[in-house]
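Residue-level structural notes
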Amino acid sequence: MQRSAPRTRLTRILACAAVPVMLVVAGCSSDSGASGGSGKTQGQDKTSASASATPTPSQSTKTVEPARFAKLPEVCKSISAKTTASLVPKAKTKNGTPAVSSDLTSRGGCSWNGLDDKGVKGSQYRWLDVSFYRYESDASLGSGQERAQENLAKELAKVQGTPGAKKVQTYTATGIGDEAKTVTYQLRKTDEDFVYTSIVARTGNVLVLLSYNGAGYAGAETPSQKTITDGAAKAVKEAVAAVAAANK
């Protein structure tokens, strides 16, 4: 019996060498039969790994704050006719010129411009425009309020980087929506000095961008920065209030 044991063992090794490698690992790697136990453990490990890889509802679903406002106001009516008439005398289109938009529930704009001819005293030119951008809440992008905040910073940077702008100043505007920034600057165009004020304001998940500028022609005085800034602030407050009114 002692002499036959090596021969029996050799027979088993040769038999295992004849089968594919995958089978050798499963059934011929040990003479003790421990592979059966290890096979069961491997199966259990696979089941456990599969279970742990399945996300739980709390892991796969991210909740975000609902957007505060569901719609935008009629943009050309967001600033009163009385205000637009005082800021842009002799406007070409008294009711404003709407901007082209493919989705008026998410974005819209309107502008007024005109030249008030004062004869030998020269002329005063004014331009006013307002734009609205509404952001929905999205699990992958954040709440509408957060998205509006992010885009406020981007829009502010665009205004501050206006090509050719001089004497650029930025400061926080108080009493306008949830947050607002005012940018004032001067720009030379058509051989005249234009005075600008742009205000970027946020109310909930809506951005309001307003720009007001003016210049004196044919010897007329250039409007003061205070005149332009006060006019812009009055208009943007009405535009921000229009958002809340549209969602009542």
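Our subject in this report is the structure included herewith. These numbers were taken from a predicted model, which means no experiment stands behind them. (Residues numbered from 1 in each chain as written. Predicted model: local features only at pLDDT ≥ 70, side-chain atom pairs only at ≥ 80, totals over all residues. Heavy atoms only, no water.)

Tallying each qualifying case throughout the model produces four aromatic pairs. Between Y125 and Y217, the aromatic rings sit 6.5 Å apart at their centres with planes inclined by 80 degrees, giving edge-to-face as the arrangement. Here Y125 is found in strand β3 (residues 123-134), whereas its partner Y217 is found in strand β7 (residues 206-217), with 92 residues between them in sequence. Residue classification places Y217 among the partly exposed residues on the basis of a relative accessible area of 22%. For the ring pair Y185 and Y196, a centre distance of 4.8 Å and an interplane angle of 10 degrees mean the geometry is stacked. With a gap of 11 residues between them, Y185 in strand β5 (residues 179-189) and Y196 in strand β6 (residues 192-203) connect regions that are remote in the sequence. A connected cluster of aromatic rings, assembled from ring pairs, spans Y125, F194 and Y217. The ring centre of F194 lies 4.7 Å from the NZ or CZ of K189, which sits over that ring. (Phe/Tyr/Trp six-rings, centres within 6.5 Å; stacked < 30°, edge-to-face > 60°. Helix = DSSP H or I, 4+ residues; strand = E, 2+ residues; numbered from the N terminus. Buried < 20%, exposed > 50% of the residue type's maximum accessible area, 1.4 Å probe, protein only. Lys NZ or Arg CZ within 6 Å of the ring centre and 35° of its normal.)

The next subject is helix α6 (residues 144-160). Spanning 17 residues, α6 covers 24 Å between terminal C-alpha atoms, matching the ideal 24 Å at 1.5 Å per step. Within the sequence span of α6, burial applies to G144, Q145, A148, N151, L152, E155, L156 and V159. Axial view of α6: buried residues confined to an arc of 150 degrees, hence all on one face. Looking at the buried side of α6, the elements it contacts are β4 (166-172), β5, β6 and β7. (Expected span 1.5 Å × (residues − 1). Arc of directions from axis to C-beta. Contact = heavy atoms within 4.5 Å.)

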